[in-house]
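A structural walkthrough
This is what each chain is made of:
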Amino acid sequence: LLSVVDIYVTGGDTSGSGLPSTHPDVPVEGEGSGVAYKVAEEGGTYILTNEHVVEGAATITVTDSEGESYDAELVGSDSESDIAVVYVDAEIPVIGVGDSEALVVGELVVAIGSPYGFEQSVTSGVVSALHRSITDFGGDEGEYPYVDAIQTDAAINPGNSGGALLNSDGELIGIPAAIYTETGSSAGVALAIPINRAAQVADELIGDGTVDTPFLGVLGQTVTTDFAEEEGLPVDEGAYVVEITEGTEAEKAGIRPGDVIVAVDDDRVRSMDDLILEVRQRSVGDQVTITLWRDGEKTTIDMTIGAKPTDDAVS
């Protein structure tokens, strides 16, 4: 509990941000959560939170578990992962970090945050699913922050974003980020960013302020039975390549429009979402073998995972 903080933001221009819109001359206010992640070398503490919590913020204030408030500075943010880091010139106890890859479905978890502004609220549940790939909400076109999410039924509500999802040992294993709901409040379907990915992004932001997102350079669509019949494809599942981004690793490797990607290494690809997930689970510079169908024949192509250009809107 000592490591979880409340984040209060105000902002001016919030077009495209996660802050509520209002009259442009009236300061916009918003609230979320954060976790004391790492002690800064120069003193002070780095706070891990969601990008959408602090996006568009003109001022950021962090309040610790004792009710002490501090002015915070944005270190960096990454919309591709929905992770941001802020800095406070204060000593806040940092949290112990776990291993999200060690999670199993059914494992007990606890969420801590500030739903609706109720600081230090604790809810419990289980891990409902792992590696949940959801690309139809969250982020602009071509941005997929929830392609490898932890799903939990621990109650998550507005204001929990950026807080902590803990395992039974009290270790941080995820950052609550989004909910599926028809009412605006918890429906028992919450998504958290795995700490292994969140920590990697946070360390890159703290290090040099930039984040490399794994990227092939493929724009595509999911193959369905109807689509396969219309196009005369030899398979009825996979990721159909529509376009290749110029200068990317996909172009260099010789992937072409019309190819149907069905595997990355030994991992089966049934849809475009699967392809995005498989790429994001790897690192920039990794060597992979792509299995695909081309002109009715199955073949493989060896290639390197590249880094996504910051101005691209493909996957």
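Reading guide: rules and limits
Residues numbered from 1 in each chain as written. Predicted model: local features only at pLDDT ≥ 70, side-chain atom pairs only at ≥ 80, totals over all residues. Heavy atoms only, no water. Pairing = 2+ DSSP bridges. Helix = DSSP H or I, 4+ residues; strand = E, 2+ residues; numbered from the N terminus. Axes fitted to C-alpha atoms, helices over the stretch in contact; angles between N-to-C directions. Contact = heavy atoms within 4.5 Å. Expected span 1.5 Å × (residues − 1). Buried < 20%, exposed > 50% of the residue type's maximum accessible area, 1.4 Å probe, protein only. Salt bridge = Lys/Arg side-chain N within 4 Å of Asp/Glu carboxyl O.

Looking at the sheet that holds strand β12 (residues 190-194)
Sheet architecture is closed into a barrel: 6 strands sit in the order β7-β8-β9-β12-β11-β10, paired in antiparallel fashion. The sheet shows a mean angle of 45° between the axes of neighbouring strands, direction not considered. As defined by bridge partners, strand β8 (residues 121-132) adjoins strand β9 (residues 149-152) across 3 bridges and the pair is classed as antiparallel. When the sheet's bridge partners are listed, Arg132 is paired in β9 with Ala149. Relative to β12, helix α2 (residues 195-208) is tilted by about 55°, and along the sheet it contacts β11 (172-179) and β12.

Brief notes about α2
Taking 1.5 Å as the rise per residue, α2 with 14 residues should run 20 Å; its terminal C-alpha atoms sit 20 Å apart, in good agreement. Of the residues one or two after α2, Gly209 is the one with positive phi, at around 80°.

Observations concerning helix α5 (residues 272-280)
Within α5, 8 of the 9 residues are buried, which leaves the element mostly enclosed by the surrounding structure. Taken together, the buried positions of α5 are occupied by Met272, Asp274, Leu275, Ile276, Leu277, Glu278, Val279 and Arg280. Buried-residue contacts for α5 involve β8, β13 (214-215), β14 (218-222), β15 (239-244), β16 (260-264) and β17 (267-268).

What to know about the pattern of salt bridges
Counted according to the given criterion, the structure contains 9 salt bridges. Here Lys38 ties to Asp203 by a salt bridge, and the two come within 2.9 Å at their closest N and O atoms. Of the two residues, Lys38 is situated in strand β2 (residues 28-39) and Asp203 in helix α2; the sequence distance between them amounts to 165 residues. On the basis of relative accessibility, which here comes to 33%, the residue Asp203 falls in the partly exposed class. The salt bridge partner of Glu80 is Arg280, with a shortest N-O separation of 3.2 Å. Of the two residues, Glu80 sits in the loop between β5 (69-78) and β6 (83-88) while Arg280 sits in helix α5, which places them 200 residues apart along the sequence. Accessibility classification places Glu80 together with Arg280 in one group, the buried group.

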